[in-house]
Amino acid sequence: DLAEVRGMLEVLGLDPLSPTWDRGGDDAAYAQVIDSLVEGLLEQRQAARATKDFAPADRVRDQLAAAGIDIEDTPQGARWSVKTDLLGS
């Protein structure tokens, strides 16, 4: 029964519905913060690429990839998305 499973998870501190795990705030605010951070890193990457300083550009790309961000370079600039395996797809 679901109540028993949640009770066991709560004892272990692992109940995902517990207020302990509530992030507070709304997802739009988190998305805005993440977007701002990623865009800032992509600007640094583009500046490094523009001066053909590829080592820092590669470090930014690798850092974003390690954080679960896919980067696609397009003629209009870099586009980013969260890796689909992180979204449970």
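Worth saying up front: this structure is predicted, and the values here are computed from it rather than measured.

**Examining the pattern of salt bridges**
Following the criterion strictly, the structure yields 5 salt bridges and no others. Here Arg61 makes a salt bridge to Asp58, at a shortest N to O gap of 3.1 Å. Of this pair, Arg61 and Asp58 both sit in helix H3 (residues 54–66), 3 residues apart, roughly one helical turn. Of the residues examined, Arg61 reaches a relative accessible area of 34% and is grouped as partly exposed. What makes Asp58 partly exposed here is its relative accessible area of 32%. As a salt-bridge pair, Glu72 and Arg79 come within 2.9 Å of each other at their nearest N and O atoms. With a relative accessible area of 42%, Glu72 lands in the partly exposed category. Under the relative-accessibility criterion, Arg79 is labelled partly exposed at 49%. Here the salt bridges share partners, and the residues they tie into one network are Arg45, Arg49 and Asp73.

Procedures and definitions
Residues numbered from 1 in each chain as written. Predicted model: local features only at pLDDT ≥ 70, side-chain atom pairs only at ≥ 80, totals over all residues. Heavy atoms only, no water. Salt bridge = Lys/Arg side-chain N within 4 Å of Asp/Glu carboxyl O. Helix = DSSP H or I, 4+ residues; strand = E, 2+ residues; numbered from the N terminus. Buried < 20%, exposed > 50% of the residue type's maximum accessible area, 1.4 Å probe, protein only.

All we've got here are geometric facts, nothing functional implied.
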